[in-house]
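Coordinate inspection notes
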Amino acid sequence: MVINLTDLKEYMQEAILEPLDHKNLDKDVPYFAEVVSTTENIAVFIWENLKKLLPTGTLYKVKVYETDQNIVVYKGEETISEK
């Protein structure tokens, strides 16, 4: 096991749900006051927040599904859109 799932759930709560869930991203999340709230930028935001909390080297990628046909993958340096 790479990471305890209970710990991962707490990290995800802090890094993703608390700052983003049920929020108007452009008005309620300071990060998006300066950055356009595209799916690609949301993936970067999640990556940056999770990377601060997870043990070094455990975060491989962030995958955000905007729709079933619009998926963004971020691996820390480049954004890949999947269709």
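Rules used in this analysis
- Residues numbered from 1 in each chain as written.
- Predicted model: local features only at pLDDT ≥ 70, side-chain atom pairs only at ≥ 80, totals over all residues.
- Heavy atoms only, no water.
- Helix = DSSP H or I, 4+ residues; strand = E, 2+ residues; numbered from the N terminus.
- 1 Å grid on protein atoms, 1.4 Å probe; cavity = no way out; pocket = protein on both sides within 12 Å on 5 of 7 lines; lining within 4 Å.
- Points joined across faces, edges and corners; volume = space filled by probe spheres on them.
- Core = buried A, V, L, I, M, F, W, Y, C linked by side-chain atoms within 4.5 Å.
- Buried < 20%, exposed > 50% of the residue type's maximum accessible area, 1.4 Å probe, protein only.
- Contact = heavy atoms within 4.5 Å.
- Pairing = 2+ DSSP bridges.

Take unusual backbone geometry next. You will see that H22, though not glycine, has its phi angle at about 60 degrees, which is positive. By the element assignment, H22 lies in the loop between α1 (5-20) and α2 (25-28).

Right, let's get into the layout of surface pockets. A probe matching the size of a water molecule, rolled over the atoms, marks out where space remains unfilled. Each pocket or cavity is described by its volume, and for the largest pocket that value is around 210 Å³. Forming the walls of the largest pocket are 14 residues, and the residues nearest its centre are L8, L50, L54, L59 and K61. Broken down by secondary-structure element, the contributors of at least two residues to the lining of the largest pocket are α1, α4 (39-53) and β1 (62-65).

The next point concerns the nonpolar core. By size, the foremost hydrophobic cluster in this structure holds 20 residues, and its most contacted members are L20, F32, I46, L50 and V62. For this core, the secondary structure elements donating two or more residues are α1, α4, β1 and β2 (71-74). For this core, the element with the highest residue contribution is α4, accounting for seven residues. If we ignore the near neighbours within four places in the chain, the residues touching L50 are Y11, M12, A15, I16 and L59.

Another aspect to go through is the pairing of β2. Burial along β2 is two-sided: I71 and V73 and V72 and Y74, pointing in opposite directions, are all buried. With four bridges connecting them, β1 and β2 associate as antiparallel partners. Bridging from a neighbouring strand, K63 pairs with V73 of β2. In sequence, β1 turns back onto β2 through a hairpin of five residues.

As far as function goes, none of this settles anything; it's purely spatial.
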